[in-house]
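A closer look at the structure
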Amino acid sequence: MAALCRVVSGLRYRVRLSSRFLRSSFSSDSGPAEGPVSGFAAAFDQQEVLRRETQSSAAGPKASSSGPELSFAALLRRSPLIQMGPAKDAVVVGRVFRVVRDDLYIDFGGKFHCVCQRPAGADGLQPGSRVRLRLQDMELTARFLGASTDTTLLEAQAVLLGPLDGREHQSRD
Amino acid sequence: MAVRALTRGLLGFRYSRAATVASPCGGHHYVTAPSVKPPQPQADDVTEKILNQPLEKPDFFRVAELFSLKDLFDARVHLGHKKGCRHRLMEPYLYGCRLDHDIIDLDQTMEHLQLALNFTAHIAYRGGIILFVSRRRQFGHLVETTAMDCGEYAHTRYWQGGLLTNANIQYGPGVRLPDLIIFLSTLNNVFQQHVGIRDAAKMNIPTVGVVDSNCNPSLVTYPVPGNDDTPAAVELYCRLFKMTINRAKDRRKQMELLHGLSAPTS
């Protein structure tokens, strides 16, 4: 049922192929030579052709998925930030870009960075090392009494879980 | 006739690198002899041609090639603040709000950025002074090096009250004010609008400003809705402005060489 819906919606946006091309992909059904093929048969043929096209283009230069045809809406919908959902308790990978004594400034791909305390034994966390974080909030804001807009701290909040697995004993030179 | 010679002389003084000074007195002498032409007609005509040629095409400097939607997206330009920080006047520029976070519409940002870069290029082509302003301490050094790399000016420190409006008294008479002010962030450190925006509007100086979802875009001449907090985004803006200004200045040198105004320097 879901496949049928997808096929029907695909029909609305794609250009209809010629009936000659559709008939050539039919193997079992020997329908009449004239007359347009309609209904599920036409949709099935069209999807076959599209699948073959994507396979051939994937073998060639990959311009279809990351080319300039993607709209802002499509880019946004497929971006990891949107796919992640609510930021509360999401585990992400960040990169330390600045160290000030015991404070690590970590950038995880959001609008702001987060600042975490360096844990006791982890002296290998240098600028450039990747860490795992559990996000609490993407931007620390609060509305105070008497204010018309929120006050923002221009920072995110996250809990440091530790260095990325497999890099605990490696140091970046 | 005298007025025309006078305006030509002023234009020549302001814009031409070869410093042609067409004296207004010359026009007066020739008023009674219409067959004799005013002095230095060729330099003025060529300068006017150089100045008017970029105005014929909508994107003479091809600034739209410098960036793409994907570049803006990867630099996180579309990320805005939270819903509670939103400024009412930024609502037309927002694509939507996702889990309380505002998303800026990058299609609109593309258009506005193209307009802003085009305007900057024209100003730089005509030899205008450009001032980069940002009160974000995180990006102060970046803005200053950007300005230095394109041969323009930057002001990333405390903005004194009468800097533009009281310039003649604070800096001496006859100070030349900037012809364009580019704000990499329109807010100061206490989240109020930067004083420079209001002062530039008072002094008739056009402004280009990156407005985030908590900024007021009304007084900015060429607002560019976009993120002004992430280092990646600000680096992108600085790179784009630097490339535009350098491109425009190189084009101007090329045009002058082409029309034989300045001697080619190897």
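Look above for the structure.
The following refers to the structure shown. (Residues numbered from 1 in each chain as written. Chains lettered and ligands numbered in written order. Predicted model: local features only at pLDDT ≥ 70, side-chain atom pairs only at ≥ 80, totals over all residues. Heavy atoms only, no water.)

Counting residues in each nonpolar core, the largest one holds 49 residues, and the members touching the most others are B:Val77, B:Ile130, B:Phe132 and B:Ile182. Aside from chain neighbours lying at most four places away, what touches B:Val77 is B:Leu72, B:Ile104, B:Leu106, B:Thr109, B:Gly226, B:Asn227, B:Ala233, B:Leu236 and B:Tyr237. Counting residues in hydrophobic clusters, the runner-up holds 17 residues, among them A:Phe108, A:Leu135, A:Met138 and A:Leu160. (Core = buried A, V, L, I, M, F, W, Y, C linked by side-chain atoms within 4.5 Å. Buried < 20%, exposed > 50% of the residue type's maximum accessible area, 1.4 Å probe, protein only. Contact = heavy atoms within 4.5 Å.)

Once that is clear, we can look at the sheet that holds strand S4 (residues 130-133) of chain B. Residue and element names in this part refer to chain B. Reading across from one edge, S5-S4-S6-S7-S8 is the order of the 5 strands in this open sheet, with parallel pairing throughout. With partners counted over all chains shown, the strands left at the sheet margins are strand S5 (153-155) and strand S8 (222-225), one partner each. With strand direction ignored, the average angle separating the axes of adjacent strands in the sheet is 20 degrees. Direction of pairing for S4 relative to strand S6 (residues 180-183): parallel, over a ladder of 4 bridges. Bridge pairing in S6 places Val133 opposite Phe183. Contacting S4 and S5, helix H6 (residues 140-149) runs over the sheet at an angle of about 160 degrees to S5. (Pairing = 2+ DSSP bridges. Helix = DSSP H or I, 4+ residues; strand = E, 2+ residues; numbered from the N terminus. Axes fitted to C-alpha atoms, helices over the stretch in contact; angles between N-to-C directions.)

At the interface, 28 residues of chain B touch 26 residues of chain A. Together, the buried faces of chain B and chain A total about 2,200 Å²; carbon and sulfur atoms form 66% of this surface. Contact with chain A buries area across many residues of chain B, yet B:Phe73, B:Arg76 and B:Lys82 alone supply 22% of it, more than any other trio. The interface formed by chain B and chain A contains 4 salt bridges. Put simply, A:Lys111 and B:Asp212 hold a salt bridge, and the shortest N to O gap is 2.8 Å. Between the two partners, chain B and chain A, sit 13 residue pairs in polar contact (both at pLDDT 80 or more). If you tally residues by element for the side of chain B that touches chain A, the top one is strand S1 (residues 79-82) of chain B, at 4 residues. In terms of residue class, the side of chain B that touches chain A is built from 10 nonpolar, 8 polar and 10 charged. (Buried area = accessible area lost by both parts, 1.4 Å probe. Salt bridge = Lys/Arg side-chain N within 4 Å of Asp/Glu carboxyl O. Polar contact = N/O pair within 3.5 Å; in protein donor to acceptor, adjacent residues only side chain to side chain. Nonpolar A, V, L, I, M, F, W, Y, C, P; charged D, E, K, R; others polar.)

Functional significance is not addressed by these values, which are geometric in nature.
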